[in-house]
Structure formats: structure tokens, C-alpha cells
Amino acid sequence: MSYHEWKREASLGQILFGLQLPYRKPESPIARLFWRGRLWIECTFALSMLEPWEKLVIIFFMCGTLLLLGAGGLVYLPHYLSFVQERTAYYLFGYD
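Residues numbered from 1 in each chain as written. Predicted model: local features only at pLDDT ≥ 70, side-chain atom pairs only at ≥ 80, totals over all residues. Heavy atoms only, no water.

Participant: Whenever I open this one, the layout of surface pockets confuses me. Can you help?
Facilitator: Remark: the empty space left among the atoms is shown by a probe the size of a water molecule rolled over them. Computed from the structure, the largest pocket encloses a volume of approximately 570 Å³. In terms of lining, the largest pocket is formed by 20 residues, of which the most central are Leu 16, Arg 38, Ile 41, Leu 47 and Ile 59. Secondary-structure elements contributing two or more residues to the lining of the largest pocket are α2 (12-17), α3 (29-44) and α4 (52-93). With eight residues, the top contributor of residues to the lining of the largest pocket is α4. (1 Å grid on protein atoms, 1.4 Å probe; cavity = no way out; pocket = protein on both sides within 12 Å on 5 of 7 lines; lining within 4 Å. Points joined across faces, edges and corners; volume = space filled by probe spheres on them. Helix = DSSP H or I, 4+ residues; strand = E, 2+ residues; numbered from the N terminus.)

Participant: Whenever I open this one, the nonpolar core confuses me. Can you help?
Facilitator: Looking at soluble globular proteins, one finds that nonpolar side chains tend to be buried together. In terms of nonpolar packing, the biggest core is built from five residues, these being Ala 10, Ile 15, Leu 21, Ala 31 and Trp 35. Ile 15 has contacts with Ala 10, Leu 21, Pro 26, Ala 31, Phe 34, Trp 35 and Arg 38, leaving out every residue within four places of it along the chain. (Core = buried A, V, L, I, M, F, W, Y, C linked by side-chain atoms within 4.5 Å. Buried < 20%, exposed > 50% of the residue type's maximum accessible area, 1.4 Å probe, protein only. Contact = heavy atoms within 4.5 Å.)

Participant: What should I look at first to understand the side chain of Arg 38 in this one?
Facilitator: Here Arg 38 shows up in helix α3. Residues in contact with Arg 38, not counting those within four places in the same chain, are Gln 14, Ile 15, Gly 18, Leu 19, Gln 20, Leu 21 and Lys 55.

Participant: Even after reading the chapter, I still don't get the pattern of salt bridges, so can you show me in this structure?
Facilitator: Oppositely charged side chains can pair when the atoms bearing their charge come close. Under the counting rule described, the total for this entry stands at two salt bridges. Salt-bridge contacts for Glu 42 lead to Arg 38; the nearest nitrogen and oxygen are separated by 2.9 Å. Here Glu 42 pairs with Arg 38, and both are found in helix α3, just four residues apart, close to one helical turn. Classification of Glu 42 as buried rests on a relative accessible area of 6%. (Salt bridge = Lys/Arg side-chain N within 4 Å of Asp/Glu carboxyl O.)

Participant: Even after reading the chapter, I still don't get α3, so can you show me in this structure?
Facilitator: Owing to its 3.6 residues per turn, the α-helix brings residues three or four apart onto one side. Across its 16 residues, α3 extends 22 Å between first and last C-alpha, which sits within 8% of the 22 Å expected from 1.5 Å per residue. Taken together, the buried positions of α3 are occupied by Ala 31, Trp 35, Arg 38 and Glu 42. Angularly, the buried residues of α3 cover 70° about the axis, an arc narrow enough to put them on a single face. Opposite the buried face of α3, by more than 90 degrees, sit the exposed residues Pro 29, Ile 30, Leu 33, Trp 40 and Cys 43. Looking at the buried positions of α3, the neighbouring elements they touch are α2 and α4. Remark: Ala 46 follows α3 within two positions and exhibits a positive phi of approximately 60°. (Expected span 1.5 Å × (residues − 1). Arc of directions from axis to C-beta.)

Shown next, in the form of C-alpha cells:
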């Protein structure tokens, strides 16, 4: 890696959507917050050791999984909460 590449400061767009994360933290407080979060995720799950196409596969898989879980929660959670409310009323007050 060249010295110029090492000294490059990341913009918010590169932090959120880029596949390669620059090493230096940005000057902007908001960009620094997102940079720190992305660096934490990449280091925790060893994404920093993967190639860009492998990162894309993992990101698409995780986004799809979270999308399906969120959609399932939006569809099923209201029904489940009303069921829990009815059962709680039955156990507390003794009637339906």
C-alpha cells in the first residue's frame, strides 16, 4: 500500500457504501461514528480479511436475512401481541 493510499481520508459515502475501508479516521464526527462502527463490525466478524466479492456475498446474505426477519416481525408480531394480551387478561382476571 502506498503512502498516499494510507494517508487518504474516508468520506461518508466511502464508509457506508465502499468495499475497501480506509485506515485513517475521518475528521467529521458523523463520518467518524460510522467509520468506527464499520471498523468494529469488520474486525469482529473478520470481514477485513475477505476479498471484495466475498464481502458482497456476506452483505447480501445478511441484508436478505434481516429483511425477512423484519417482514416476519411486522406480519406476525401484532397478532402475537394481541394473543399475549388476551392470555394475560385471562390469567389475571379469569375471563375472556
